[in-house]
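So you can see what is in the structure, the chains are spelled out below.
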Amino acid sequence: MSKKNSMKNKKNKIETIEDKWKYEIAQELGLLEKVESLGWGGLTAKETGRIGGLITVRKKKLNKKNTEG
């Protein structure tokens, strides 16, 4: 995909709850400044895995809450 198409797709992307959580968690872990300066690709595998793991925890809590009531 060309850079032009990539930028176009980013402008039209609908933000999901996972996207919001990703930024919230990055901020909680003190990684938001790093993400803003280097992008998501600038994170280590450990940092990315931590964010992904915490997103999974939030999804499970949300699903549990929705099935209970």
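Novice: Just checking my understanding: could you explain the overall build of the protein for this structure?
Specialist: Scanning the protein from N- to C-terminus turns up four helices and zero strands. In the protein, the succession of helices and strands from N to C terminus is α-α-α-α. Split into buried and exposed, the 69 residues of the protein put 16% on the buried side. Taking contacts inside the protein between residues at least 6 apart in sequence as the whole, the part at least 24 apart equals 44%. For the protein, the exposed area adds up to about 5,800 Å²; of that, 53% sits on carbon and sulfur atoms.

Novice: Could you clarify how one ought to interpret the side chain of Glu47 in this entry?
Specialist: By the secondary structure assignment, Glu47 is in helix H4 (residues 45–68). Residue class for Glu47 comes out buried when judged on its relative accessible area of 19%. Among the polar contacts listed, one links the side chain of Glu47 to the side chain of Lys34, at a separation of 3.0 Å. Other than its neighbours up to four places away in sequence, Glu47 contacts Leu31 and Lys34.

Novice: Just to check I follow, could you spell out the packing of aromatic side chains for this structure?
Specialist: For any pair of aromatic rings, the description rests on two quantities: the centre-to-centre distance and the angle between the ring planes. For the coordinates displayed, the defined rule picks out one aromatic pair. Positioned over the ring face of Trp40 is Lys22, at 4.7 Å from the centre of the ring.

Novice: Would you take a moment to explain the packing of helix H2 (residues 17–28) against H4 for this structure?
Specialist: A pair of packed helices can be characterised by two numbers: the angle between their axes and the separation between those axes. Direction vectors running N to C along H2 and H4 enclose 125°, while the axes themselves pass 10 Å from each other. It follows that H2 is oblique to H4 by the angle criterion. As H2 packs across H4, the resulting crossing turns out to be right-handed. Facing Glu18, Trp21, Lys22, Glu24, Ile25, Ala26 and Glu28 of H2, the residues of H4 in contact are Ile51, Leu54, Ile55, Arg58, Lys59 and Leu62.

Each value, and the rule that gives it
Residues numbered from 1 in each chain as written. Predicted model: local features only at pLDDT ≥ 70, side-chain atom pairs only at ≥ 80, totals over all residues. Heavy atoms only, no water. Helix = DSSP H or I, 4+ residues; strand = E, 2+ residues; numbered from the N terminus. Buried < 20%, exposed > 50% of the residue type's maximum accessible area, 1.4 Å probe, protein only. Contact = heavy atoms within 4.5 Å. Areas by Shrake-Rupley, 256 points an atom, 1.4 Å probe, with all protein chains shown as cover. Polar contact = N/O pair within 3.5 Å; in protein donor to acceptor, adjacent residues only side chain to side chain. Phe/Tyr/Trp six-rings, centres within 6.5 Å; stacked < 30°, edge-to-face > 60°. Lys NZ or Arg CZ within 6 Å of the ring centre and 35° of its normal. Axes fitted to C-alpha atoms, helices over the stretch in contact; angles between N-to-C directions. Parallel < 35°, antiparallel > 145°, perpendicular 65-115°, else oblique. Left-handed = near helix turned anticlockwise from the far one by under 90°.

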